Structures are given as C-alpha cells and as structure tokens.
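Here is how the chains run, residue by residue.
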Amino acid sequence: MALFGRKAAAAKRLDEKLERIQMNFENNYKDAAQLNLKEFETLLGTLLEEGKLSGKQKAYYERRLADFESRLQNFTHKDQKPTWVP
C-alpha cells in the first residue's frame, strides 16, 4: 500500500506541472510555459531515477513530454512574428 501511495503522489506532482504548462500555453504565456516544461522534464527524470513511477505512468508521462515539446518547439517571444506593419 505504501508503494502505491508514493507512486500516486509522484503522479500528482507531475499532473500539477502538466496543468501549469497547459494553462500557460492556453493563455499565451510563452516564457512561463517553456519554464514549466523544463521543470516537468527535470521532475520526470528525477522520479524515474528514483523508481517512483510504474511502467504505465512512465509511458504516459513520456508521451505527454514529447507532445508538449513538439507543441512548444517554436513557442517563444523571440520567434513571434509581428502582425502589424509600422
């Protein structure tokens, strides 16, 4: 039972990071979304090293990471094209 609790707590921490990424992405907070993605990636790596995720959880969160990495690839202010002409 304790093992299940640790894995559920680890998944909850990852889910909170994913929610922040999604919220910042939807609100066009580009820098915050990129920062949250890096935090998620670091947390995922740490939890995987510590063995706190099951095989299904690992596969799920790695898919989510890949999805967000592709969605946020060019999601920065420096790549933003102006929509107006001076």
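Everything discussed here concerns the structure shown above.
Residues numbered from 1 in each chain as written. Predicted model: local features only at pLDDT ≥ 70, side-chain atom pairs only at ≥ 80, totals over all residues. Heavy atoms only, no water.

Okay, helix H3 (residues 55–71) next. Along its 17 residues, H3 runs 24 Å from first to last C-alpha, staying within 8% of the 24 Å computed at 1.5 Å per residue. Those residues of H3 that sit buried are Gln57, Tyr61, Leu65 and Phe68. All buried residues of H3 fall inside an arc of 70° around its axis, so they share one side. Projecting away from the buried face of H3 at angles above 90 degrees are the exposed residues Gly55, Lys56 and Arg63. (Helix = DSSP H or I, 4+ residues; strand = E, 2+ residues; numbered from the N terminus. Expected span 1.5 Å × (residues − 1). Buried < 20%, exposed > 50% of the residue type's maximum accessible area, 1.4 Å probe, protein only. Arc of directions from axis to C-beta.)

A separate point is helix H2 (residues 30–50). Along its 21 residues, H2 runs 30 Å from first to last C-alpha, staying within 8% of the 30 Å computed at 1.5 Å per residue. Of the residues making up H2, those classed as buried are Lys30, Ala33, Gln34, Asn36, Leu37, Phe40, Leu43, Leu44 and Leu47. Gly51 lies just past H2 and shows a positive phi near 70°.

If you check the backbone angles, Asn28 has positive phi at about 65° while not being a glycine. Secondary-structure assignment places Asn28 in the loop between helix H1 (2–26) and H2. Classification of Asn28 as partly exposed rests on a relative accessible area of 40%.

The next thing to look at is the pattern of salt bridges. Overall, the coordinates contain three salt bridges when judged by the stated rule. In this structure, the salt-bridge partner of Lys17 is Glu39, at a minimum N-O distance of 3.1 Å. In this pair, Lys17 is assigned in helix H1 and Glu39 in helix H2, connecting sequence segments 22 residues apart. On the basis of relative accessibility, which here comes to 17%, the residue Lys17 falls in the buried class. The class for Glu39 is partly exposed, based on a relative accessible area of 29%. (Salt bridge = Lys/Arg side-chain N within 4 Å of Asp/Glu carboxyl O.)

For Lys7, the position within the fold is in helix H1. Sequence spacing of Lys7 and Ser54 is 47 residues, and the spatial spacing of their C-alpha atoms is 7.1 Å. In contact with Lys7, other than residues within four places in its own chain, are Gly51, Lys52, Leu53, Ser54 and Gln57. (Contact = heavy atoms within 4.5 Å.)

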